[in-house]
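Reading the structure
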Amino acid sequence: MQRIVVLTGAGISQESGLQTFRGEDGLWNHERIADICTPEGFTRDPMRVDRFYNGLRAGLADVQPNAAHRALAHMEECAATGRWDGEILIVTQNIDDLHERAGSRDVVHMHGELMRVRCTACGATPSWHADCLPQTPCPACHRPQLRPDIVWFGEIPYHMDRIAAALQACDLFVAIGTSGVVYPAAGFVQQASPHADTMEFNLQPSAGTDLFDQTVLGPATKTVSRWVRDVTGT
């Protein structure tokens, strides 16, 4: 059985029309990170932060999963139905829900999810599709202490123990649409490379491209779809 860990970054969703954070016209060119993506920024001006993430959440309705998202979901389905003797775990740095909408059932969101909020009073993380404001009550404890369920700068990414275990057990590590500069995800290839093959799919080489055994350049909608067909035979 082949065990594959796939890390996806902003590049895979960019082909669906979502703005990246760090690109040439990325979101960080229009907002200061300290104001929008830190606990201190939220404490200083929760309304500004809520409005920013409300806008991102609403914008998801205008985009759809692309062929790369669907190809990875197909790989998972092939594993589940026995058409391919392997298993795949998708670890994403993205906060969108495009993997799930493409059909993937087990996606590890290490930086949180735009379609969830988190209560700082009781810890509940309910699904959330509407706007959230500082006065919005938590559906679990009814206290108005909700924040975006996003891992901000200075906070620890989610599910790191599960990710580390999967990287240790995998035969192949694949990075798709990642810049190779955001840690800890940028270090995953080094965790996997002593015992696993490594591949990178990107429009252009990432900052860590020399760490990979193989780099495949081109749109993920084409390159990832072709790779999934080759691996699964379907």
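All figures in this text were calculated on a predicted structure; none of them were measured in a lab.

The next subject is the side chain of Asp149. Checked against the element boundaries, Asp149 lands in strand E5 (residues 146-150). Setting aside residues no more than four positions away along its own chain, Asp149 makes contact with His111, Gly112, Glu113, Arg116, Val117, Arg118, Thr125 and Tyr158.

Residues annotated by UniProt as "binding site: NAD(+)" (unreviewed entry) correspond here to Gln93, Asn94, Ile95, Asp96, Gly177, Thr178, Ser179 and Ala220. Secondary-structure assignment places Asp96 in the loop between strand E2 (86-92) and helix H6 (98-102). On the basis of relative accessibility, which here comes to 8%, the residue Asp96 falls in the buried class. Dropping the residues within four chain positions of it, Asp96 is found in contact with Ser13, Leu18, Leu60 and His109. A distance of 2.7 Å separates a polar atom in the side chain of Asp96 from a polar atom in the side chain of Ser13. Tracing the chain through its elements places Thr178 in the loop between strand E6 (172-176) and helix H8 (188-192).

Locating Ser104 in the fold gives a position in the loop between H6 and strand E3 (107-109). The exposure class assigned to Ser104 is buried, which follows from its relative accessible area of 5%. For Ser104, the residues in contact, after removing those within four places along its chain, are Leu72, Ala73, Glu76, Ile90 and His99.

Conventions adopted
Residues numbered from 1 in each chain as written. Predicted model: local features only at pLDDT ≥ 70, side-chain atom pairs only at ≥ 80, totals over all residues. Heavy atoms only, no water. Helix = DSSP H or I, 4+ residues; strand = E, 2+ residues; numbered from the N terminus. Contact = heavy atoms within 4.5 Å. UniProt positions renumbered as here; feature names shortened; annotations may be inferred. Buried < 20%, exposed > 50% of the residue type's maximum accessible area, 1.4 Å probe, protein only. Polar contact = N/O pair within 3.5 Å; in protein donor to acceptor, adjacent residues only side chain to side chain.

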